[in-house]
Amino acid sequence: MPRGSHPRDEADATPRARLHQRIARHLRQYRCRCGNRVFFRNTQCLACHAPLGYLPDVGRIVALDPGPYPGTWRVEGRDDVLRCCANRDSAAICNWMTGEHGSRGLCIACRLNRTIPDLADADNVRYWTLLEIGKRRVISELLAFELPVRSRVDEDPERGLMFDFLRAPPGGPAVMTGHAGGLITINVEEADDAKRELTKAQMHEPYRTLVGHFRHELGHYYWDRLVAGTRWQGPFRALFGDERASYADALKRNYEQGPPARWAESYVSAYATMHPWEDWAETWAHYLHMVDSLGTATGFGIDATDLQCEIVPFTRDDLYAPDDPEGEHLLMLLNGWIEIIMVMNEMARSLGESDFYPFIMSRPVVAKLHLVHMIVADARMRTDL
């Protein structure tokens, strides 16, 4: 439940108000103090020219006032002294703020980096900019969920998270995007639109984006943090399958035989059929897709109840645990999001573009999304993370 909301408030509110309350920290609506609308990536208001910074602890873009000494800033309504992330003036163009004595002068998102590409190469500069833009959006969503986000580099060497952004040298071995023990490796050439679209076509994928890569690989990381060895491991195996099955055999089978027939009846994507871990990571990524895109739409006043869409809504019978008190929350999110996605896809077609969201939700997928939803909600209450 978002901070500041109460069960009675939600019970008395309209469906639209309840949805707004539920995703309050995920709304992508930002305004400068002058009233001008500003956006997640902005470093300056174009109306009043005030410098802007993102406060990751509250998920807000704010105007900055000079602090007590050079290089420091204050924000109206707060007593703490802040600094801009050390990457603000770099190719990362980071607008996030950090404490006066932040680690290495970096914000909570930038200090997750262990390796960045060689910036002596102009292409790498462009790639890194795009990688950081995508990464910050995803990290901000994790913080809104109140999930643990700590750097494995210098904050939590045992359970933290870190990124290597790598590019294969000419004639050298390929860089594989993936996760292993808290380290997420991203091939920086995924930031090259032409190369990424070529791979997408070769792999027969309907969707391939930088944000999608981050969300998928983070799904593997949070499986280790939130599921492995916990009370959720049994429910996970019941719904997704037994992760102890050989991953190497599953990978070989996937590339030799492809996905099983009628896979869309039980999985959110063809890749999800490969192994329970991949099914989880794909489902996790789609859960984050749903919440962030719905938060963005709602923040701009796009309300599913105002749309002329006719869908057969999912009900409690479609959930993993129909008696879950929070089940209605997921149904409200999911059904509203599906109506908005229908319109977004049709708008894309009207412009001659591919669907924004080229996937179909089946009842088994909804049950898996519900389990992800329950695990994320449970993480807020855990003290061992």
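Numbers given to residues run from 1 along each chain, matching the order in which its sequence is written. Where totals are concerned, whole chains, interfaces and linings use all residues; where local detail is concerned, this predicted model gives features only for residues with pLDDT of at least 70, and gives and counts side-chain atom pairs only at 80 or more. Side-chain measures here rest on the full set of heavy atoms in the structure, leaving out hydrogens and waters.

Visitor: Hey, could you run me through the pairing of strand β12 (residues 183-187) in this one?
Guide: When a strand is regular, its side chains alternate between the sheet's two faces. Remark: exposure states derive from per-residue accessible area (1.4 Å probe, protein chains only) relative to the maximum for the residue type, with buried under 20%, exposed over 50%, and partly exposed in between. In DSSP terms, a helix is any run of H or I states spanning at least four residues, a strand is any run of E spanning at least two, and both are numbered starting from the N terminus. Along β12, 5 of the 5 residues are buried, which leaves the element largely enclosed by surrounding structure. Residues of β12 alternate between two faces, with L183, T185 and N187 on one and I184 and I186 on the opposite face, all of them buried. A strand pair is defined by DSSP finding two or more bridges across the two strands. Two elements, strand β10 (residues 162-166) and β12, share 5 bridges in a ladder whose sense is parallel. Residue pairing for β12: M162 is matched across the bridge by L183. Sheet analysis places strand β11 (residues 178-180) next to β12, joined by 3 bridges and oriented antiparallel. When the bridges of β12 are listed, G178 appears paired with T185. As consecutive antiparallel partners, β11 and β12 are separated by 2 residues, and within that stretch G181 has a phi angle of approximately 55 degrees, a positive value.

Visitor: It is not clear to me how the sheet that holds β12 should be interpreted in this structure. Could you clarify?
Guide: Taken together, 4 strands build an open sheet; the order of strands is β9-β10-β12-β11 and the sheet is mixed. The open sheet has two edge strands, β9 (113-115) and β11, and neither has a second partner. Along the sheet, successive strands turn relative to each other by an average axial angle of 25 degrees, direction set aside. In this fold helix α3 (residues 122-144) packs onto β9, β10 and β12, with an angle of close to 155 degrees to the strand it touches most, β10. Interaxial angles span 0 to 180 degrees and are taken between N-to-C directions of axes, which are lines fitted to C-alpha atoms, for helices over the stretch in contact. Note on definitions: a residue-residue contact is assigned when non-hydrogen atoms from the two residues lie within 4.5 Å.

Visitor: Quick question: what am I supposed to make of the packing of α3 against helix α8 (residues 276-299) here?
Guide: Packed helix pairs are characterised by how far apart their axes lie and by the angle those axes make with each other. Relative to each other, α3 and α8 sit at 90 degrees, their axes nearing to 11 Å. Here α3 lies roughly perpendicular to α8, going by the angle between them. Between α3, through R137, V138, E141 and L142, and α8, the contact on the second element is made entirely by W284, L288, V291, D292 and T296. Classification used: nonpolar for Ala, Val, Leu, Ile, Met, Phe, Trp, Tyr, Cys and Pro, charged for Asp, Glu, Lys and Arg, polar for all others including Gly. When grouped by side-chain class, the residues that make up the contact of α3 with α8 number 5 nonpolar, 1 polar and 3 charged. Note on terminology: angles under 35 degrees are roughly parallel, angles over 145 are roughly antiparallel, angles of 65 to 115 are roughly perpendicular, and the others are oblique.

Visitor: Sorry if this is basic, but what is going on with the environment of D242 here?
Guide: Secondary-structure assignment places D242 in the loop between α6 (233-240) and α7 (247-257). The class of D242 is partly exposed, set by a relative accessible area of 32%. Sequence-wise, D242 and V153 are 89 residues apart; in three dimensions their C-alpha atoms are separated by 31 Å. Apart from residues no more than four positions distant in its own chain, D242 is found in contact with R237 and P276. Here a polar contact means two N or O atoms within 3.5 Å. Within protein one must be a hydrogen donor candidate and the other an acceptor candidate, and residues neighboring in sequence count only if both atoms are side-chain atoms. A polar contact of 2.8 Å, which involves the side chain of D242, links it to the side chain of R244.

Visitor: Quick question: what am I supposed to make of the side chain of S362 here?
Guide: Inspection of the secondary structure puts S362 in the loop between α9 (327-350) and α10 (363-379). Residue class for S362 comes out buried when judged on its relative accessible area of 11%. Here E265 takes part through its backbone oxygen, which lies 3.2 Å from a polar atom of the side chain of S362. In this view, S362 contacts A264, E265, S266 and F314; residues no more than four positions away in its chain are not counted.

Visitor: Got a minute to help me understand the side chain of D292 in this structure?
Guide: Take D292: it is sitting in helix α8. With a relative accessible area of 4%, D292 lands in the buried category. Residue contacts for D292: discarding those within four places in its chain leaves R28, R137, E141 and R215.

Visitor: Help me out: how do you make sense of empty space enclosed by the protein in this one?
Guide: Put plainly, a pocket is an open set of points on a 1 Å grid over the protein atoms alone with protein on both sides within 12 Å along at least five of seven lines, a cavity is a set where a 1.4 Å probe fits but cannot get out, and a lining residue has an atom within 4 Å of a point. Grid points are joined across faces, edges and corners, and a volume is the space filled by probe spheres set on the points. In the structure shown here, the tally under the stated rule is 2 cavities of 30 Å³ or more. Here the second largest cavity defines a volume of roughly 70 Å³. Taken together, R25, H26, L27, R28, Y30, Y54, G59, S140, E141 and A144 make up the lining of the second largest cavity. Taken together, the residues of the lining of the second largest cavity break down into 4 nonpolar, 3 polar and 3 charged.

Visitor: What is the right way to read the packing of aromatic side chains from this model?
Guide: Any pair of aromatic rings gets described here by the distance separating the centres and the angle formed by the planes. Under the pairing criterion, centres of Phe, Tyr and Trp rings, with the six-membered ring standing for Trp, must be within 6.5 Å; the plane angle then separates stacked pairs below 30 degrees from edge-to-face pairs above 60, leaving the rest tilted. By the definition in use, this model includes 20 aromatic pairs. Measuring from centroid to centroid gives 4.8 Å for Y221 and Y222, while their planes differ by 75 degrees, and the two rings are edge-to-face. The residues Y221 and Y222 share a single accessibility class, namely buried. With a centroid separation of 6.2 Å and an interplanar angle of 40 degrees, the aromatic rings of Y247 and W277 are classed as tilted. Within this pair, whereas Y247 is found in helix α7, its partner W277 is found in helix α8, the two being separated by 30 residues in sequence. Chaining the aromatic ring pairs together yields one cluster made of Y221, Y222, W223, F236, F240, Y247, W277, W280 and W284. The criterion is that NZ of a Lys, or CZ of an Arg, lies within 6 Å of the ring centre and within 35 degrees of the ring normal, and then a charge sits over that ring. Positioned above the aromatic ring of F40, the side-chain terminus of R137 is 6.0 Å from the ring centre. Directly above the aromatic system of Y267 lies the positively charged group of K368, at a separation of 4.2 Å from the ring centroid.

Visitor: What should I look at first to understand the pairing of β10 in this one?
Guide: Buried residues dominate β10, accounting for 4 of its 5 residues. Pairing between β9 and β10: 2 bridges, direction parallel. Bridge assignment links T115 to a residue of β10, and that residue is D164. Place the viewer so that the strands point away; then a crossover is right-handed whenever the path from the first strand over the helix to the second strand goes clockwise. Taken together, β9, α3 and β10 constitute a β-α-β crossover, and its handedness is left-handed.

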